[in-house]
Amino acid sequence: MTQLKKKSYRALLAPMQLELVALAQWLAHTGERVLVLVEGRDSAGKGGAIQAIAEHLNPRQCRIVALPKPTDRETGQWYFQRYTPHLPAAGEVVLMDRSWYNRAGVEHVMGYCTDVQYRAFLRQAPRFEQMLVDDGIHLFKYWLCVDQDKQEQRFQDRVEDPLKGWKLSPVDLQARAQYQAYTDAREAMLEATHTDQAPWTLVDFNDQKRGRLTLIRDLLDRLPHARFSDPVLTLPPLAGKPCKETYGVVKPTRSFKLPG
């Protein structure tokens, strides 16, 4: 399948983003809560998918959560405790760029947790998610799939592009040799945590543009949002002539002019 062109992608994305705005209005009117977990291998396209969803939403209503490495204090807490402060409140949508499933993936494969902690997580995660759903949160769990050759290509792009170099970490480099181990960990995770109340949805992200459209379409189709008619705003005419900006005693710093 040929890669989707940017122009076609933007044309298909635009009406979906209008629907996302309508979804946000629905959340604001109803007080419903939406939590979207975006998981997948390194370079799968998690950040781009989240940005496509959040691009035109009010950042006060749509929050992106991407937690750093846990602190010493957090490692001594109940594992799920560091995530609960980031759960959505009434009228919010929260998009998690990686989530508590770090324990079933990178922590397990790279040896950052014990086998006892890993097994406990697989038992507790469905119970924790059941509580979220029982409390009324709309929970969505997406796994972005990418083949190893495509992952290698994206890693190389990051090496060659100084604007993307920050995306490549030492852990990412170690993960290159653990592709099958990550596959085995994912399968064990899916078997233990794919439930009727909180199912997983796997999305092909070998073509990231097609993957984003697929994910957003699925999210919209699974939420019972309705359009609400907000008051139509109009700008009354200005009284008098438009004013120029004034600075008084304090002068502005030097301005920058583009060449040409």
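One can find the structure itself at the top, above this paragraph.
Residues numbered from 1 in each chain as written. Predicted model: local features only at pLDDT ≥ 70, side-chain atom pairs only at ≥ 80, totals over all residues. Heavy atoms only, no water.

**Q** Break down the pairing of strand β3 (residues 93-97) for me, citing the residues and quoting the values.
**A** The buried count for β3 comes to four of five residues, which makes it a mostly enclosed element. Of the strand pairs in this sheet, strand β1 (residues 33-40) and β3 are connected by five bridges, and their pairing is parallel. Note on β3: the bridge partner recorded for Leu35 is Val94. In this structure, strand β2 (residues 62-65) lies alongside β3, joined through four bridges in parallel fashion. For Val65, the partnering residue across the bridge sits in β3 and is Met96. (Buried < 20%, exposed > 50% of the residue type's maximum accessible area, 1.4 Å probe, protein only. Helix = DSSP H or I, 4+ residues; strand = E, 2+ residues; numbered from the N terminus. Pairing = 2+ DSSP bridges.)

**Q** An account of the packing of aromatic side chains is requested, with residue identities and associated values reported.
**A** Summed over all chains, the structure comprises 12 aromatic pairs. Look at Trp78 and Phe128: their rings are 5.9 Å apart centre to centre, the planes differ by 85°, and that puts the pair in the edge-to-face class. Taken together, the residues Trp78 in the loop between α3 (72-75) and β3 and Phe128 in helix α5 (residues 115-134) connect sequence positions 50 residues apart. Note on Trp78: relative accessible area 43%, which makes it partly exposed. One residue, Arg82, lies across the ring of Tyr83, its end atom 5.5 Å from the ring centre. (Phe/Tyr/Trp six-rings, centres within 6.5 Å; stacked < 30°, edge-to-face > 60°. Lys NZ or Arg CZ within 6 Å of the ring centre and 35° of its normal.)

**Q** I'd love a proper account of the pattern of salt bridges, names of residues and values included.
**A** In the structure shown here, the tally under the stated rule is 14 salt bridges. Residue Arg119 is joined to Asp115 by a salt bridge in which the shortest nitrogen-to-oxygen separation is 3.6 Å. You can see Arg119 and its partner Asp115 sitting in helix α5, four residues apart, about one turn around the helix. Judged by relative accessible area, which is 44%, Arg119 ranks as partly exposed. Across the pair Lys141 and Glu129 runs a salt bridge whose closest N-O atoms are separated by 2.8 Å. Remark: Glu129 occurs in helix α5 and Lys141 occurs in strand β4 (residues 137-145); sequence separation between them is 12 residues. The class for Glu129 is buried, based on a relative accessible area of 1%. What emerges from the salt-bridge pattern is a single network uniting Glu19, Arg217 and Asp221. (Salt bridge = Lys/Arg side-chain N within 4 Å of Asp/Glu carboxyl O.)

Function-wise, these values are silent; they only describe arrangement.
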